[in-house]
Number of protein chains: 2
Amino acid sequence: MAKEFVKDITAMDEDFAQWYTDVVTKADLIDYSSVRGSMIIRPYGFALWDNIKNEVDRRIKETGHENVYMPLFIPESLLQKEKDHVEGFAPEVAWVTHGGSEELAERLVVRPTSEVLFCEHYKNIIHSYRDLPKLYNQWANVVRWEKTTRPFLRTLEFLWQEGHTAHATDEDAMEETIKMLNVYADVLENTLAIPVVKGEKTEKEKFAGAKHTFTVESLMHDGKALQSGTSHHFGTGFAEAFGIQYTDKDGKLQYVHQTSWGFTTRVIGALIMVHGDDRGLVIPPKAAPTQVMIVPIAQHKEGVLDFAYDLKNSLGKVARVDIDASDKKPGWKFNEYEMKGIPVRLEVGPKDIENKQVVLVRRDTLEKIVVSMDQLEEKLVALLEEIQSNLYNKALKHREERTSVATTLAELKESLEAKPGFIKAMWCGELACEEKIKEDTSATSRCIPFEQEKVSDKCVCCGKDADQMVYWAKAY
Amino acid sequence: MAKEFVKDITAMDEDFAQWYTDVVTKADLIDYSSVRGSMIIRPYGFALWDNIKNEVDRRIKETGHENVYMPLFIPESLLQKEKDHVEGFAPEVAWVTHGGSEELAERLVVRPTSEVLFCEHYKNIIHSYRDLPKLYNQWANVVRWEKTTRPFLRTLEFLWQEGHTAHATDEDAMEETIKMLNVYADVLENTLAIPVVKGEKTEKEKFAGAKHTFTVESLMHDGKALQSGTSHHFGTGFAEAFGIQYTDKDGKLQYVHQTSWGFTTRVIGALIMVHGDDRGLVIPPKAAPTQVMIVPIAQHKEGVLDFAYDLKNSLGKVARVDIDASDKKPGWKFNEYEMKGIPVRLEVGPKDIENKQVVLVRRDTLEKIVVSMDQLEEKLVALLEEIQSNLYNKALKHREERTSVATTLAELKESLEAKPGFIKAMWCGELACEEKIKEDTSATSRCIPFEQEKVSDKCVCCGKDADQMVYWAKAY
């Protein structure tokens, strides 16, 4: 039975894209609807997002930020105030042109991001150095008119948080930008067990309107990279466009220095593609809505269900535990919860009860562990930690195996074909080289990592002197 | 100083509408933006909504519901599937007609509510009686193209939860509808200290597409009613329009019976208009983001700030406590937190420390209470409970004083003018009478209350036999 069920999804190595689609639908994360490019996030998918959201939100609050809510719509004239920003976003927005039966005098954009709304508000509420910093965040839905979409990875509408802050000095804004990048790295590495490379985006890849864009990049099972969170330093660009000024301690008018940073439902795509396998999802315990699923064996026999429910209650104090006491066969349940990536399955039947033990099955290794009842709580807690760190280490090992060095364009191309992944290579800083690399290999610059290595002293493309190392990869 | 500050807002009895606008802006709940009819929910307003949301969400989960997320956009053809529904909503929706630079082949509606999306999804995932009930909820933003808007009460965009459920039988759906109405009543009465009248909407006032609409109605300080939460029984209307069928235990195809129910940011308007006074907001302790604000007196004197912070930490275990240790004058702080409606102010200065006491000031009565340190924790907890029930009782008393009985249309009209509020009057059930009452008095039928009283045996309008009592009022 297990085999039949597994057959239901395409093997990763056979067709990775199809495997992904199979997993998101068969693990009940999403459903499609008649709304092109949008997805329905089903209860299991939403609970997963809610967990991730809570982890991010807690850290956002711990770092002194407050949540607000801005309007969904942006008047066209407001979007146009900052030139680079409107150029970047106008081609990919949804336009509201009618309200009820009337045509609007001014078209409205469905927010693709909310910089301009925060700027307008900041202009209203910031007057003195005493009003700074302003550390705001919002959780919201945004819309970008994408042509090609895939659940979680690229959808017309997605859920995210967007932080928007204003500071007295450039240094304060830079400190904030890096602080929030580190918050993202922390959630990715410690909650989602996804190792990241932290660095700065090139001029070409940075956010429309930003002075600096920083990113955390992760590597998927198939060797493609995924931008997993970005943090932008705006300098005074938006402040000048919107006239956001404060009076400093000496009574002089100064522009504020701004940042923004965002983290989206996209990370669920990363989680799937970093940890998943041919049986489906694998969710790290810290992110899992359900960490332990109890499956009673021969549950019609006297005492089994009572015992299983007692276990659920007692273990509920140390983990997120659920039970499936439906009349489906145990084999069906095993497959179902393997597909859903629940970290630990707990099997308990009449013999186990007699022997004062249960069986724990790890989702990451499928290893079965017989645990005596008097050690269960302790062993379970340790096992969840062990699974969490095993998943991280496995992902890190995979990334390391898939990270190569190239010193020539030919080498870069060859590496990408032989072993898709990150390529570390020097870059002279010229846009022409960046574009040529993309054209020849379809790899893009993922970031200029904070942790630099001098893998050569010449640009991988033009051969001129180069002193910065860049991570290159094909990307989602 | 206190006086000057208070002058800043219009007196309630002078101009209630202006008082309301003053409070929402001066208590920092909202700000306006260039987006017509939309509001910015500022940190204090959002924290308030977050608290209310958590109270509702907890109850929604406790009653077995799961959260999901549906798309923001609805294709025009999908909205048109249920006739009454589209007739009710089409005149007040925002239309997306372009994506990027392209005109769309089919226009999209920005969701005013999501019945049709849930129906489409339910058709996909409901097949057998084993799939029922489906108990879904979503927290989302929705848009209705309102001409006249007021913060919280009526805005182009608002935040809400919308529950959508599918059941095997009509009885199951009715049980659900009433259960969720009771959840709303519970949150309103026990968290927000707002007494409600529970009842059914008339045919004229019910939701577009519903068989029955139930409502919780509350009465504002000015005697106008506010619909504070609604719960709809759809019967099989949507199921037939969308073809949502399941196979019952006997193998027969049956239509599902559906419900939906919603609770919105509107309740913040209710909270303001039920409890507020000429000093600003008054927030019931259970809803308050901050329940106790510590204001140190003569804080430059040695030991005062340390003492105040120690208090914040120790009291933090029993209440949501904050401290304002800024260099603003105490008088300024008193006014600020009275305006923001924080239930209790705690004043502590050098003399208090010497005498091992603090001063508590109730926001609801402005009474000052000297409490010795060794009794503080206990007294504070009791005081918060006392304030919560005092606010409820005060609101209930106000509602009772503002509830009259009328047996003729002239009486109804006179009552409404002399003492705006709820009018209890019999109704024959004819639309013509309901319309005439509205035309003559601008009062609408608020609900046919569950708790019926036979205040007469003739219709208040036409004088014919009538056996149902209706609450009438002018409403927001």
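In this text the structure is predicted, and so the values were computed from the model without any measurement.

This paragraph deals with the overall build of chain A. When helices and strands are counted, chain A shows 15 helices and 23 strands. For chain A, whose C-alpha radius of gyration is 25 Å, the value lies close to the compact-globule estimate of 23 Å for 476 residues. For chain A, the C-alpha atoms occupy an extent of roughly 80 × 55 × 50 Å along the three principal directions. Here the contacts in chain A between residues at least 6 apart in sequence split such that 69% fall between residues at least 24 apart. Per element, the accessible surface of chain A, about 19,200 Å² overall, is 46% carbon and sulfur. Chain A carries 61 positive and 77 negative side-chain charges, and their two centres are separated by 2 Å.

At the junction of the two partners, chain A supplies 55 residues and chain B supplies 56 residues. Across the pair Arg130 of chain A and Asp327 of chain B runs a salt bridge, and its minimum N-O distance is 3.5 Å. Counting across the chain A and chain B interface gives 28 residue pairs in polar contact (both at pLDDT 80 or more). The leading source of residues in the side of chain A that touches chain B is strand S5 (residues 94–99) of chain A, at six residues. Of the residues belonging to the side of chain A that touches chain B, the class tally is 31 nonpolar, eleven polar and 13 charged.

Quick look at the nonpolar core now. Side chains of a nonpolar character, in soluble globular proteins, are inclined to be buried together. In this structure, Phe73 and Val110 of chain A together with Phe73 and Val110 of chain B are the most contacted members of the largest nonpolar core, which totals 84 residues. Sequence-distant contacts of Phe73 of chain A, that is, excluding residues within four places in its chain, are made with Val96, Leu108, Val109, Val110 and Leu117 of chain A together with Val35, Ala94, Val110, Val143, Trp145 and Leu156 of chain B.

Turning to the pattern of salt bridges, a few remarks are in order. Under the definition given, this model contains 61 salt bridges over all chains. We note a salt bridge from Lys61 of chain A to Asp57 of chain A, for which the minimum N-O separation is 2.7 Å. With Lys61 of chain A and Asp57 of chain A both in helix H3 (residues 43–62), this residue pair falls four residues apart, about one helical turn. For Asp57 of chain A, a relative accessible area of 12% gives the class buried. One salt bridge connects Lys147 of chain B with Glu102 of chain A, and the closest N-O pair in it is separated by 2.8 Å. Of the two residues, Lys147 of chain B is situated in the loop between strand S7 (134–143) and strand S8 (157–167) and Glu102 of chain A in strand S6 (residues 102–110); the pairing between them involves two chains. Of the residues examined, Lys147 of chain B reaches a relative accessible area of 60% and is grouped as exposed.

It is worth spelling out the confidence of the model for chain A at this point. Residue and element names in this part refer to chain A. Confidence in the prediction for chain A averages 96 pLDDT; 99% of positions are at 70 or higher. Within the model, the stretch residues 1–6 combines pLDDT values under 50 with eight contacts to residues more than four positions away or in other chains. The complex model carries a pTM of 0.96, and its ipTM stands at 0.96.

This next bit is on unusual backbone geometry. Residue Pro133 of chain A follows Leu132 of chain A across a cis peptide bond; omega there is -5°. Along the chain, the position of Pro133 of chain A falls in the loop between helix H6 (115–125) and strand S7 (134–143). You will see that Ala193 of chain A, though not glycine, has its phi angle at about 60°, which is positive. By the element assignment, Ala193 of chain A lies in the loop between helix H7 (170–191) and strand S9 (197–200). Phi angles above zero are rare outside glycine, and Leu366 of chain B is one such case at about 65°. With respect to the helices and strands, the residue Leu366 of chain B is situated in the loop between strand S18 (357–362) and strand S19 (368–372).

How each quantity is defined
- Residues numbered from 1 in each chain as written.
- Chains lettered and ligands numbered in written order.
- Predicted model: local features only at pLDDT ≥ 70, side-chain atom pairs only at ≥ 80, totals over all residues.
- Heavy atoms only, no water.
- Helix = DSSP H or I, 4+ residues; strand = E, 2+ residues; numbered from the N terminus.
- Rg over C-alpha atoms; globule rule 2.2 N^0.38 Å.
- Contact = heavy atoms within 4.5 Å.
- Areas by Shrake-Rupley, 256 points an atom, 1.4 Å probe, with all protein chains shown as cover.
- Lys, Arg positive; Asp, Glu negative; His and termini not counted.
- Charge placed at Lys NZ, Arg CZ, Asp CG, Glu CD.
- Salt bridge = Lys/Arg side-chain N within 4 Å of Asp/Glu carboxyl O.
- Polar contact = N/O pair within 3.5 Å; in protein donor to acceptor, adjacent residues only side chain to side chain.
- Nonpolar A, V, L, I, M, F, W, Y, C, P; charged D, E, K, R; others polar.
- Core = buried A, V, L, I, M, F, W, Y, C linked by side-chain atoms within 4.5 Å.
- Buried < 20%, exposed > 50% of the residue type's maximum accessible area, 1.4 Å probe, protein only.
- pLDDT = per-residue confidence, 0-100.

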